[in-house]
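One letter stands for each residue in the lines below.
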Amino acid sequence: MIAPRAQLEILPERFPIACQWEITCRCNLRCVMCYTDCFNRPDMIRDELTTREILRIMDELADAGCLDLCLTGGEPLARPDFFQLYSHAKRCGFIVTLFTNGTLIDEDVADRLAALPPHRVEISLHGATAATFETVTRGRGSYERCLRAIRLLQARRLPLVVKTTAMTVNRHEVLPIKAFVQSLDSVGYTLGEG
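Described in the following lines is the structure provided in the data block.

Definitions and limits used
Residues numbered from 1 in each chain as written. Predicted model: local features only at pLDDT ≥ 70, side-chain atom pairs only at ≥ 80, totals over all residues. Heavy atoms only, no water. Helix = DSSP H or I, 4+ residues; strand = E, 2+ residues; numbered from the N terminus. Rg over C-alpha atoms; globule rule 2.2 N^0.38 Å. Buried < 20%, exposed > 50% of the residue type's maximum accessible area, 1.4 Å probe, protein only. Core = buried A, V, L, I, M, F, W, Y, C linked by side-chain atoms within 4.5 Å. Contact = heavy atoms within 4.5 Å. Arc of directions from axis to C-beta. Pairing = 2+ DSSP bridges. Axes fitted to C-alpha atoms, helices over the stretch in contact; angles between N-to-C directions. Phe/Tyr/Trp six-rings, centres within 6.5 Å; stacked < 30°, edge-to-face > 60°. Lys NZ or Arg CZ within 6 Å of the ring centre and 35° of its normal. Polar contact = N/O pair within 3.5 Å; in protein donor to acceptor, adjacent residues only side chain to side chain. Disulfide = S-S within 2.5 Å.

1. Comments concerning the overall build of the chain
- A count of helical and extended segments in the chain gives eight helices and six strands.
- For 194 residues, the compact-globule estimate of 2.2 N^0.38 gives 16 Å, and the C-alpha radius of gyration of the chain, at 17 Å, lies within 12% of that figure.
- With respect to the principal axes defined by its C-alpha atoms, the chain has extents near 50 × 40 × 35 Å.
- Counting only residues that meet the buried cut, the chain has 45% of its 194 residues in that class.

Shown next, in the form of structure tokens:
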């Protein structure tokens, strides 16, 4: 594999600068707006790329000159091999962003991310209250787990962006969500995709 800096000097005129990769359709939530949830079934999960296939494709992306790699899903942390994939992406020299619902981030996950920091973590916060958030996610206790993830990542000073998908069900809480995030130190906010 070519070193990232040397790679920039020999890139062809056209190459994939960035890749947003849905590495799984698995998810522990069933969000109302999710376009991958219909694939969150055992038969579809069995057909996902294997660890080995993903690592090979990452190598190919790196060799092709890709610089920015966003790992998303489903919920990427739902893959049992997530940290193997993530570590490989970092070793390849990618600028790695993680899109997550945050509900699988505990102390151990936060510590592992802090030990090998991503460029950015983006967590979806779909409500300012548990009632609204869990109406969107259809996951009991998901609101508190999401808030805990935000606190854990913030405590480790990881680059964090909180985002909201505006929908009919949460439109009355978009501004309170934004205000909440703005009250946090060094956390970005965006209104965008889930």
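2. Digging into the nonpolar core
- Core analysis: the biggest nonpolar cluster contains 43 residues, and Met-58, Leu-69, Phe-94, Ile-105, Ile-123 and Leu-153 have the highest contact counts within it.
- Here the element with the most residues in this core is helix H7 (residues 142–155); it accounts for seven residues.
- Once residues within four sequence positions are removed from consideration, Ile-123 is found in contact with Thr-100, Asn-101, Gly-102, Ile-105, Cys-146, Ala-149, Ile-150, Leu-153, Leu-160, Val-161, Val-162 and Lys-163.

3. Describing helix H8 (residues 174–182)
- Buried within H8 we find Val-174, Ile-177 and Val-181. Mapping the buried residues of H8 onto a view down its axis gives an arc of 60 degrees, with all of them on the same face. Among the exposed residues of H8, those pointing more than 90 degrees away from its buried face are Leu-175 and Gln-182.
- As for H8, its buried residues are in contact with strand E5 (160–164) and strand E6 (187–191).

4. Topic: the sheet that holds strand E2 (residues 68–72)
- Spatial strand order, E1-E2-E3-E4-E5-E6: six strands in an open sheet with parallel pairing. The open sheet is flanked by strand E1 (18–22) and E6, the only strands paired with a single partner. The average undirected angle you get between the axes of adjacent strands in this sheet is 20 degrees.
- Here E5 pairs with E6 via five bridges, running parallel. Paired with Val-162 across the strands is Tyr-189, a residue of E6.
- In the packing of H7 onto the sheet, the strands contacted are strand E4 (120–124), E5 and E6, and the crossing angle to E4 comes to about 160 degrees.
- Packed on one face of the sheet, H8 meets E5 and E6 and runs near 160 degrees to E6.

5. A short note on the packing of aromatic side chains
- What the rule picks out here adds up to four aromatic pairs.
- Judged by centre distance (6.1 Å) and plane angle (85 degrees), the rings of Phe-83 and Tyr-86 are edge-to-face. Of this pair, Phe-83 and Tyr-86 both sit in helix H4 (residues 82–91), three residues apart, which is roughly one turn of the helix. The exposure classification of Phe-83 matches that of Tyr-86, with both residues buried.
- Joined through ring pairs, the aromatic side chains of Phe-82, Phe-83 and Tyr-86 make up one cluster.
- Across the ring face of Phe-99, the terminal group of Lys-163 is positioned such that the distance to the ring centre comes to 3.3 Å.

6. A word on the side chain of His-88
- Locating His-88 in the fold gives a position in helix H4.
- On the basis of relative accessibility, which here comes to 13%, the residue His-88 falls in the buried class.
- Within polar-contact distance, the side chain of His-88 engages the side chain of Asp-59 at 2.7 Å.
- Discounting residues that sit within four places of it in the chain, His-88 has contacts with Leu-55, Met-58 and Asp-59.

7. Thoughts on the state of the cysteines
- A complete count under the given rule lists zero disulfides for this structure.
- Cys-31 takes part in no disulfide bond, and the closest cysteine sulfur to it belongs to Cys-27, at a distance of 6.0 Å.
- You can call Cys-31 buried: its relative accessible area is 12%.

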